[in-house]
Amino acid sequence: MSGPLNQLAGAVDIAKITDFHHVPFGNSYFPTAACGGAPYDPTKRQCFETRCAGIPEPPEDCFAANMSQIVTQHGPQEYAFNRLAACAKDVTVQKGEPWYTRYWSFVYCSEDKYSSTPESALASCATKSNFTVDDSAYMSLCYATPFGDASVIREAKATILHQGTPTVLVDGKDTPVGDVLKAVCAAYTGPKPQGC
């Protein structure tokens, strides 16, 4: 997933014209009485997305389950790394930073460290992505305590109904991830940046 999106982030002047929203929740869902819970099932996930995600006032039970009950397609490691990304997003969004600076660097690095422990990935990738000591302390607190639950819920609420991951929309149109740079360049109506 990150290869073509990392190219988008690194292409000369492309990231600056791209309003990119990465949602680190993937194919996960909260269990609900209406949709069901574990084991993972794409029909249950899509029920959750239709009923609970991306709508202004979801039913109360949508996000009521304990974080340990979140159903992921690929298990606890997937949840852990999505939570890390949500915590990194907290830091950069609070500071109004563009997506292609420290946030995307952290996501790209953590995907590369996916086989390590989340704590190890956090330490290594925070340093590599130029997060300060205070930023890293915030991300550690966010990741390891209930303090970060709101970050996970925010990402769950931002998830859209989708067939699978990665789902990439360019100008509202479903786009194969390998075609994202080409699609962004085609959609942009201003003078074409050098990266096109």
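Caption draft 1: Broad picture of the pattern of salt bridges. Summed over the entire model, instances satisfying the criterion amount to 10 salt bridges. A salt bridge links Arg83 to Asp149, with the nearest nitrogen and oxygen atoms 3.0 Å apart. You can see Arg83 sitting in helix α3 (residues 76-94) and its partner Asp149 sitting in helix α7 (residues 149-158), a full 66 residues away along the chain. We classify Asp149 as partly exposed; its relative accessible area is 22%. Connected through shared salt-bridge partners, Lys89, Asp90, Arg154 and Glu155 make up one network.

Caption draft 2: Spotlight on the environment of Arg154. The topology assignment puts Arg154 in helix α7. In this structure, the C-alpha to C-alpha distance between Arg154 and Val23, residues 131 residues apart in sequence, is 9.2 Å. Not counting residues up to four positions away in its chain, the partners in contact with Arg154 are Ala86, Lys89 and Asp90. A polar side-chain atom of Arg154 sits 2.4 Å from a polar atom in the side chain of Asp90.

The rules behind each value
- Residues numbered from 1 in each chain as written.
- Predicted model: local features only at pLDDT ≥ 70, side-chain atom pairs only at ≥ 80, totals over all residues.
- Heavy atoms only, no water.
- Salt bridge = Lys/Arg side-chain N within 4 Å of Asp/Glu carboxyl O.
- Helix = DSSP H or I, 4+ residues; strand = E, 2+ residues; numbered from the N terminus.
- Buried < 20%, exposed > 50% of the residue type's maximum accessible area, 1.4 Å probe, protein only.
- Contact = heavy atoms within 4.5 Å.
- Polar contact = N/O pair within 3.5 Å; in protein donor to acceptor, adjacent residues only side chain to side chain.

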